[in-house]
Amino acid sequence: LLLLEGSGHRIEDNELLDADWLASYAAAIQITGSNHRVRHNRIADAGRSAINVDWKLTGFALPGVEIAYNEITGFGALNTDLGGLYLCCRMDLTGTRIHHNRVHDGIAFSPFWDVAGIYLDLNTYNAAIDHNVVYGLPGDRVRALKAGNEFDTALEQIHHNTFVHAMDLGGRISASNNLFLANT
């Protein structure tokens, strides 16, 4: 497991395999702090999420973080209600960008719970999500992207993605040039 704390650190060009077989929130990469770069990594086979950002460690803001050019596969083997990239809860992502990631071939531990490629859970807001590809997620309740919030001033920026699954969106969204299977 890799934990980013403080400010301005980089996790780049790594292969991270077989993480979190306790099925907890301790993903292969756990991000706290600000202005980090998580780029060009391959993360495969995780009990829950591959990259996790959790308000209990981070607080309610994740400023200036870049999550880019990662390949994320084989997540969700032992848990439910998760994403390859999972960010939760009520966090302001202003200045954080999630881009050019390839999220694919997750594992559905249970067909009755959600599996998402990119999951902004419980009012996480002001995300910039662009140029990602999400495909090959199993089950009936899969979503390429789950995002939504209840804040009038929040705005999700979702542009130039390819989502080969339905999306689950709510709140204020700015979206353009996305390819997707369906929107529910």
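The coordinates are above.
Let me begin by describing the structure that accompanies this report. (Residues numbered from 1 in each chain as written. Predicted model: local features only at pLDDT ≥ 70, side-chain atom pairs only at ≥ 80, totals over all residues. Heavy atoms only, no water.)

## Quick notes on the sheet that holds strand β19 (residues 167-169)
- Ordered in space as β1-β4-β7-β10-β13-β16-β19, the seven strands form an open sheet in which the pairing is parallel. In this open sheet, the two strands that pair with only one neighbour each are β1 (2-4) and β19. Between one strand axis and the next, the sheet turns by 15° as a mean value, whatever way the strands run.
- Relative to strand β13 (residues 115-121), strand β10 (residues 82-88) runs parallel, the two sharing six bridges. In the sheet register, Leu-82 faces β13, and the bridge partner there is Val-115. (Pairing = 2+ DSSP bridges. Helix = DSSP H or I, 4+ residues; strand = E, 2+ residues; numbered from the N terminus. Axes fitted to C-alpha atoms, helices over the stretch in contact; angles between N-to-C directions.)

## Here we look at the pattern of salt bridges
- Tallying each qualifying case throughout the model produces 10 salt bridges.
- Put simply, Arg-37 and Glu-66 hold a salt bridge, and the shortest N to O gap is 3.5 Å. With Arg-37 in strand β5 (residues 37-39) and Glu-66 in strand β8 (residues 66-68), this residue pair connects regions lying 29 residues apart in the sequence.
- On the basis of relative accessibility, which here comes to 24%, the residue Arg-37 falls in the partly exposed class.
- Ionic pairing is found between Asp-130 and Arg-97, a salt bridge with its closest N-O pair at 2.7 Å. Residue Asp-130 is found in strand β14 (residues 128-130), and its partner Arg-97 is found in strand β11 (residues 97-99); the two are separated by 33 residues along the sequence.
- Each of Glu-12, Arg-37, Arg-39 and Glu-66 takes part in salt bridges that share partners, so that together they form one network. (Salt bridge = Lys/Arg side-chain N within 4 Å of Asp/Glu carboxyl O. Buried < 20%, exposed > 50% of the residue type's maximum accessible area, 1.4 Å probe, protein only.)

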